Amino acid sequence: PSKGSLFVTFVLGGPGSGKGTQCAKIVEAFGFTHVSAGDLLRREIASGSAYGSVILSTIREGKIVPSQVTVELIQKEMESSDNYKFLIDGFPRSEENRKAFEKTIGAEPDVVLFFDCPEQEMVKRVLNRNQGRVDDNIDTIKKRLEIFDELNWPVINYYSQRGKLHKINAVGTVDEIFEKVRPIFAPLSK
Ligand code: UP5
Ligand code: MG
């Protein structure tokens with residue numbers, strides 16, 4: 001798709017805040033293409049790519065993979081889709097991530113969702129997930145939360161100042177939360 005017609009949504013929130021779960025609902029209702037940065041990185045590890053071992057150790061430590069690597073994976077994924085509506089899930093996690101995306105993709109998000117969730121609820125959800133993720137253990141979760149707290153807020157503030165931020169209380173059932181998300185996209189038809 002041409003850059004002018006892109007509709008990009010960034011989906012932000014701490015570990016276990018429900019980004020992936022809500023993205024699936026948004027895809028179903030509004031026909032977005034879901035691009036999860038974390039899933040792309042995990043796929044890269046599984047594929048045995050040259051970056052795989054660096055990505056794996058970074059994720060194990062709850063740290064952030066260099067922007068260049070992540071942005072390249074996101075770019076490839078966007079280019080391989082015919083869609084123009086994208087949900088970029090779990091990215092940008094830092095100001096550096098944000099700037100790298102803008103520079104490489106040459107686009108800004110139209111909408112930024114922020115799932116605001118108390119820490120103890122996030123920890124509970126992640127520990128209950130049980131999908132074998134290498135970072136779903138209490139030690140890594142603590143590190144993920146620390147990094148999130150340190151680097152996410154400047155990104156949130158940036159988009160808040162630009163009037164793009166939609167902060168959503170992420171406590172409640174999946175459907176209750178989606179009913180708060182739906183009106184944001186209602187102007188877009190599927
Ligand atoms: N659940 C969901 N909604 C619920 C609700 N309303 N009530 C009760 N339970 C609910 O949900 C988590 C769990 O909670 C699930 O079991 C779900 O059923 C349940 P999910 O939707 O998976 O939450 P999500 O926010 O997607 O949590 P996730 O763990 O995926 O978030 P992270 O941001 O931690 O993970 P991500 O995959 O994005 O990144 C992983 C790592 O990759 C990062 O720590 C980092 O090391 C690396 N990374 C980068 O370096 N750069 C990037 O750009 C992206 C990732
Ligand atoms: Mg996720």
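Residues numbered from 1 in each chain as written. Chains lettered and ligands numbered in written order. Predicted model: local features only at pLDDT ≥ 70, side-chain atom pairs only at ≥ 80, totals over all residues. Heavy atoms only, no water.

Caption draft 1: Examining the environment of Asp136 more closely. Mapped onto the secondary structure, Asp136 falls in the loop between α6 (119–129) and α7 (138–161). According to the relative accessible area criterion, Asp136 is buried, its value standing at 15%. Placed 10 residues apart in sequence, Asp136 and Val126 show a C-alpha to C-alpha distance of 6.1 Å. Apart from residues no more than four positions distant in its own chain, Asp136 is found in contact with Val126, Leu127, Arg129, Ile141 and Arg144. In this structure the side chain of Asp136 is engaged in a polar contact, spanning 3.0 Å, whose partner is the side chain of Arg144. (Helix = DSSP H or I, 4+ residues; strand = E, 2+ residues; numbered from the N terminus. Buried < 20%, exposed > 50% of the residue type's maximum accessible area, 1.4 Å probe, protein only. Contact = heavy atoms within 4.5 Å. Polar contact = N/O pair within 3.5 Å; in protein donor to acceptor, adjacent residues only side chain to side chain.)

Caption draft 2: Representation of the side chain of Ser17 in the model. Structurally, Ser17 can be placed in the loop between β1 (7–13) and α1 (19–30). With near-sequence residues (within four places) excluded, Ser17 lies in contact with Phe115, Cys117, Met122, Arg125 and Ala170.

Caption draft 3: The arrangement of the environment of Ala24 in detail. Positionally, Ala24 belongs in helix α1. Along the sequence, Ala24 and His34 sit 10 residues apart, while their C-alpha atoms lie 7.6 Å from each other.

Caption draft 4: Structural detail: the packing of aromatic side chains. Scanning the entire structure with this criterion turns up 10 aromatic pairs. When the ring of Phe7 is compared with that of Phe32, the centres are 6.0 Å apart and the planes differ by 70°; the resulting orientation is edge-to-face. Of this pair, Phe7 sits in strand β1 while Phe32 sits in the loop between α1 and β2 (33–36), and the two are 25 residues apart along the sequence. The exposure class of Phe32 is buried, given its relative accessible area of 4%. For the ring pair Phe10 and Phe101, a centre distance of 5.0 Å and an interplane angle of 80° mean the geometry is edge-to-face. On the criterion of sequence distance, the pair formed by Phe10 in strand β1 and Phe101 in helix α5 (residues 95–105) is long-range, its members being 91 residues apart. Assigned by exposure class, Phe10 and Phe101 land together as buried. Put simply, the rings of Phe10, Phe91, Phe101, Tyr158 and Tyr159 touch in pairs and so form one group of aromatic residues. Cation over ring: Lys85 sits above Phe32, and NZ or CZ is 5.8 Å from the ring centre. In this structure, Arg162 packs its charged tip against the face of Tyr158, placed 3.7 Å from the ring centre. (Phe/Tyr/Trp six-rings, centres within 6.5 Å; stacked < 30°, edge-to-face > 60°. Lys NZ or Arg CZ within 6 Å of the ring centre and 35° of its normal.)

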